[in-house]
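Structural overview
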Amino acid sequence: MQKPKVYLDSCSYNRPFDNQSQMKIRLETEAKLFIQGNIREGEYSMVWSYMHDYENNENPYEERRKSISPWKNISDEYCSSADDVLESGRKIMELGIKPKDSLHIACAIKSGCEYFITTDKKLLNKKVENICIINPVDFVREMED
């Protein structure tokens with residue numbers, strides 16, 4: 001069986017730094033850390049992209065940048081900027097998705113990811129062809145069923 005190929009967006013990587021007093025945030029954090037543990041164990045294949053580099057470099061919090069950046073080297077694949085990614089991103093924007101999010105999704109699709117993992121509620125309500133946009137908690141639930 002082929003291992004699931006995942007793309008975690010920047011919201012997911014930053015979730016452990018959010019205020020953990022809300023149960024929803026704590027559950028998403030635990031699920032995200034569980035997913036990353038499975039990535040390290042080789043259970044899932046992970047893609048990193050130029051958009052991760054861009055957003056992480058723009059992160060004003062040094063602690064977060066330093067915690068997130070090693071995942072570039074842990075990833076199994078890297079998606080660079082290319083004309084087809086930009087064109088796909090433009091089409092995804094037409095669905096009412098913000099430009100940076102659209103480019104993240106375009107990278108995930110180009111790389112053949114089955115899952116785009118996010119904690120962004122607005123993104124979770126969107127349907128994009130060729131990829132499942134899913135919350136980390138729901139992803140773990142789906143993988144364990």
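All residue numbers refer to positions counted from 1 along the written sequence of the respective chain. Reporting of local features is limited, given that this is a predicted model, to residues whose pLDDT is at least 70; pairs of side-chain atoms are given and counted only at 80 or more, and all residues count toward the totals for whole chains, interfaces and linings. Note that the side-chain values use all heavy atoms of the structure and ignore hydrogens as well as water.

1. Thoughts on the layout of surface pockets
Heads up, the rule is: Only protein atoms enter the 1 Å grid, on which a cavity is a set of points fitting a 1.4 Å probe that cannot get out and a pocket is an open set with protein on both sides within 12 Å along at least 5 of 7 lines, lining residues being those with an atom within 4 Å of a point. Grid points are joined across faces, edges and corners, and a volume is the space filled by probe spheres set on the points. Numbering of helices and strands runs from the N terminus, with a helix taken as a DSSP run of H or I at least four residues long and a strand as a DSSP run of E at least two residues long. Under the scheme applied here, ten amino acids are nonpolar (Ala, Val, Leu, Ile, Met, Phe, Trp, Tyr, Cys and Pro), four are charged (Asp, Glu, Lys and Arg), and all others, including Gly, are polar.
By volume, the largest pocket amounts to about 270 Å³. Taken together, 16 residues line the largest pocket, and the ones lying closest to its centre are Ser10, Cys11, Asn14, Glu55 and Asp101. Of all the secondary structure elements, the ones that give two or more residues to the lining of the largest pocket are helix H1 (10-14), helix H3 (50-58) and helix H7 (99-110). Broken down by class, the residue content of the lining of the largest pocket amounts to four nonpolar, six polar and six charged.

2. Things to note about helix H9 (residues 136-144)
What counts, and what does not: Working definition: with a 1.4 Å probe on protein chains only, accessible area under 20% of the residue-type maximum means buried, over 50% means exposed, and in between means partly exposed. Throughout, the arc means that of the directions going from the helix axis to the C-beta atoms. In this description, contact between two residues means that some pair of their heavy atoms is separated by no more than 4.5 Å.
All of the buried residues along H9 are Pro136, Phe139 and Val140. One side of H9 holds all its buried residues, which, seen down the axis, span an arc of 95°. Considering only its buried residues, H9 is in contact with strand E1 (5-8), helix H2 (23-40), strand E4 (115-117) and strand E5 (132-134).

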